[in-house]
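# Examining the three-dimensional arrangement
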Amino acid sequence: MKIAVIGAGIIGVTTAYELAADGHQVTVFERRSAVAEETSFANAGVVAPGYVTPWAAPGMPSKVLSYLFSSHAPVRVRMPLSTREIAWMWRWLRACNLSSYMTNRARLQRLAFYSRSRLHALSNDLHLDYERSEGYMVLLRSEKEHKLVQPSLQVLREAGVAFKELNADDARKIEPALNPDTALHAAIYLPEDEVGNCRQFAMLLKAEAQRLGVQFKFNTTVAGLDKSAPASLTITNETTPQIFDAVVLCAGLDSAQLLAGLGIKMPMAAVYGYSVSAAVREPLHSPRSALMDERYKVAITRIGQRVRVAGSAEIGGTLGEHRESAIQTLYKVLGDWFPGAAQLASHRRGNAVGTGVQEWKGARPMLPDGPPVIGASGLPGLWLNLGHGSSGWALSCGCARAVTDLIAGRQPDVDLEGLGIERLQG
């Protein structure tokens, strides 16, 4: 079939590759000038299926309220909210119950484990040499945090996830550069999880997709889809529609706008996150792999010769507005655990010329209850692979394979219960 993929982030690139590997003629439309230029650009890079969980969880609304007066809040609501964001928050609140949380967490983790296996298969089969390292450690600063994490550990046990509960001394043996002056009560270590350079992987897979015949149309904006023929695309500044046998929508936040033109309401909102990346100053003082500070929900990862600190969940505001307190939280957590690890001298907002420090803000396209939507749209020829939130990198390879199987009329190798569009229309 002749298939269009809209969007060239990690979701779009993996989808294009899988479709081409199935023998389809694929064209990717991307408004930016390269792949992985938006949400996939500078994310934490963590692939930890056992820790892929919905943001809609019991107790989260009260936590969000308590963070209003915290200078280092991991979650923040910025006022004023748009009508769309208020509607999203209402649906999110309704999903913050134990039953919905457990159901959606199981859906996400099932998909994440499958995706990790697909990531490994692609990496091995195609000999993709990208920056990656194994192991993921969750740092617990206090006994209270250790107790609060116990229900999550039970979920990991039931899912058969390999992990170890470590005391501070054992944690420091795995990550010897951890600052001895910062109090560490315990840690959770997941040896089978990993960190990888999402953007680098996307660029390598793009090259493999091109070898299979995929065409990438960069600096090209899809203005709309035809409701009477959803596989027909209107391109900005072009008068003649481009017609395909099928279209797969992987355009992140823009997907909601394109679907609205077809009469489909997709309750998607931007939940913004931040990261700081800098060159390693001294390898012996740097992390070996990936860590998460449980108190501040900040990830510290080693990506090649760089250290990246990523975190925050912020709804409201715009992509261009950088919240200084969110950036400072990242620097604080890095300084707490790995002082002197990165070359941060003279840093400033933006891409700091001459220092190599990069401060970044990205918009995660999130659905209110957590899991993405994968599969048929209900309109002929239009397929969906969207709404992955902060887990796009962890879910991308599995979602791409699954939607490709669905288009071919095959049963995917992963259970997609609850991942169709009907979940949001009930």
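Residues numbered from 1 in each chain as written. Predicted model: local features only at pLDDT ≥ 70, side-chain atom pairs only at ≥ 80, totals over all residues. Heavy atoms only, no water.

So, about the environment of glutamate 208. With respect to the helices and strands, glutamate 208 occurs in helix H8 (residues 198–211). Sequence separation between glutamate 208 and leucine 128 is 80 residues; the distance between their C-alpha atoms is 9.4 Å. Filtering out sequence-adjacent residues up to four positions away, glutamate 208 remains in contact with Tyr17, Leu126 and Leu128. (Helix = DSSP H or I, 4+ residues; strand = E, 2+ residues; numbered from the N terminus. Contact = heavy atoms within 4.5 Å.)

A few words now on empty space enclosed by the protein. Within the structure shown, the criterion is met by one cavity of 30 Å³ or more. Here the largest cavity defines a volume of roughly 40 Å³. Lining the largest cavity, in full, are His72, Ala73, Pro74, Tyr296, Val298, Gly311, Ser312, Ala326, Thr329 and Leu330. Taken together, the elements giving at least two residues each to the lining of the largest cavity come down to strand E16 (306–315) and helix H10 (324–337). Per element, the largest residue contribution to the lining of the largest cavity is three residues, and it comes from H10. Of the residues belonging to the lining of the largest cavity, the class tally is six nonpolar, four polar and no charged. (1 Å grid on protein atoms, 1.4 Å probe; cavity = no way out; pocket = protein on both sides within 12 Å on 5 of 7 lines; lining within 4 Å. Points joined across faces, edges and corners; volume = space filled by probe spheres on them. Nonpolar A, V, L, I, M, F, W, Y, C, P; charged D, E, K, R; others polar.)

What follows covers the sheet that holds strand E18 (residues 373–376). What the six strands build is an open sheet, ordered E8-E2-E1-E12-E19-E18; its pairing is mixed. Looking at strand neighbours, the two that pair on one side only are strand E8 (215–217) and E18, the edges of this open sheet. Going across the sheet, the axis of each strand differs from the next one's by a mean of 20 degrees, ignoring polarity. Strand direction decides the pairing type here: strand E1 (residues 2–6) and strand E2 (residues 25–29), joined by five bridges, are parallel. Bridge assignment links isoleucine 3 to a residue of E2, and that residue is valine 26. Helix H11 (residues 392–407) rests against E1, strand E12 (246–249), E18 and strand E19 (382–386) of the sheet, and its axis sits at about 165 degrees to E19. (Pairing = 2+ DSSP bridges. Axes fitted to C-alpha atoms, helices over the stretch in contact; angles between N-to-C directions.)

If you walk across this open sheet you meet the three strands as E9-E10-E11, and the pairing is antiparallel. The outermost strands of the open sheet, each flanked by one partner alone, are strand E9 (222–226) and strand E11 (242–243). Direction of pairing for strand E10 (residues 229–235) relative to E11: antiparallel, over a ladder of two bridges. Bridge pairing in E11 links leucine 233 to glutamine 242.

Okay, the pairing of E18 next. With four bridges joining them, E18 and E19 adopt antiparallel strand pairing. Among the inter-strand pairings, glycine 375 is bridged to a residue of E19, identified as leucine 384. If you look at the hairpin formed by E18 and E19, you'll find five residues sitting between the two strands, and glycine 378 has a positive phi there, around 100 degrees.

What follows concerns helix H1 (residues 10–21). Compared with the 16 Å implied by 1.5 Å per residue over twelve residues, the 16 Å span of H1 between its first and last C-alpha is a close match. The element H1 is extensively covered by neighbouring structure, given that eleven of its twelve residues are classed as buried. Buried within H1 we find Ile10, Ile11, Gly12, Val13, Thr14, Thr15, Ala16, Tyr17, Glu18, Leu19 and Ala20. (Expected span 1.5 Å × (residues − 1). Buried < 20%, exposed > 50% of the residue type's maximum accessible area, 1.4 Å probe, protein only.)

In this section: the packing of H1 against H11. The relative placement of two packed helices is expressed as an angle between their axes plus a distance between the axes. The geometry of H1 relative to H11 is characterised by a closest axis approach of 8 Å and an angle of 35 degrees between their N-to-C directions. Judged by the twist between their axes, the crossing of H1 over H11 is right-handed. Residues Ile10, Ile11, Thr14, Thr15, Glu18 and Leu19 of H1 form the contact with H11, whose own contacting residues are Gly392, Trp393, Ser396, Cys397, Ala400, Arg401, Val403, Thr404 and Ile407. Residues that form the contact of H1 with H11 fall into these classes: eight nonpolar, five polar and two charged. (Left-handed = near helix turned anticlockwise from the far one by under 90°.)

As a volume, the second largest pocket reaches approximately 290 Å³. Counting residues per element, the ones that place at least two in the lining of the second largest pocket are helix H3 (83–95), helix H4 (98–126) and helix H12 (422–425). Sorting elements by how many residues they give to the lining of the second largest pocket places H4 first, with four residues.

This part is about the nonpolar core. Among the nonpolar cores identified, the biggest contains 48 residues, and Val5, Val26, Val28, Phe201, Val214, Val248 and Trp393 are the most heavily contacted of them. Here this core gets eight residues from one element, more than from any other, and that element is H11. The contacts of phenylalanine 201, once residues within four sequence positions are left out, are Ile10, Thr14, Leu119, Leu122, Ser123, Leu128, Tyr130, Trp393 and Cys397. By size, the runner-up hydrophobic cluster in this structure holds 31 residues, among which are Ala168, Ala177, Ala278 and Val333. (Core = buried A, V, L, I, M, F, W, Y, C linked by side-chain atoms within 4.5 Å.)

We now examine the packing of aromatic side chains. Taken as a whole and judged by the stated rule, the model has eight aromatic pairs. Put simply, the rings of Trp55, Trp88 and Trp92 touch in pairs and so form one group of aromatic residues. The ring centre of phenylalanine 244 lies 5.1 Å from the NZ or CZ of lysine 2, which sits over that ring. Residue placement shows lysine 361 over the ring face of tyrosine 272; its charged tip is 4.4 Å from the ring centre. (Phe/Tyr/Trp six-rings, centres within 6.5 Å; stacked < 30°, edge-to-face > 60°. Lys NZ or Arg CZ within 6 Å of the ring centre and 35° of its normal.)

Quick look at H4 now. Across its 29 residues, H4 extends 41 Å between first and last C-alpha, which sits within 8% of the 42 Å expected from 1.5 Å per residue. Where H4 begins, one side-chain oxygen reaches toward the backbone nitrogen of serine 99, 3.3 Å away; that side chain belongs to asparagine 97. Histidine 127, located one to two residues past H4, shows a positive phi value of around 55 degrees. (Polar contact = N/O pair within 3.5 Å; in protein donor to acceptor, adjacent residues only side chain to side chain.)

When pLDDT is averaged along the protein chain, the result is 94, and 97% of the positions lie at 70 or above. Note that residues 347–354 has pLDDT below 50 and, in this model, 14 contacts with residues that lie over four places away or in other chains. (pLDDT = per-residue confidence, 0-100.)

Take the pattern of salt bridges next. Applying the stated rule across the entire model yields 30 salt bridges. For arginine 295, the salt bridge is made with glutamate 145, and the minimal N-O distance between the two is 2.5 Å. Taken together, the positions of arginine 295 in the loop between strand E14 (290–293) and strand E15 (298–303) and glutamate 145 in helix H5 (residues 143–148) put the pair 150 residues apart, joining distant regions of the chain. When its relative accessible area of 37% is taken as the criterion, arginine 295 is described as partly exposed. On the basis of relative accessible area, glutamate 145 is assigned to the buried category, the value being 11%. The partner of lysine 332 in a salt bridge is aspartate 336, with the nearest N and O atoms 3.0 Å apart. One end of the pair is lysine 332 and the other is aspartate 336, both in helix H10 and four residues apart, which spans about a single turn. The exposure class assigned to lysine 332 is partly exposed, which follows from its relative accessible area of 26%. A single salt-bridge network, built from bridges that share partners, covers Glu18, Asp22, Arg118, Arg401, Asp405 and Arg410. (Salt bridge = Lys/Arg side-chain N within 4 Å of Asp/Glu carboxyl O.)

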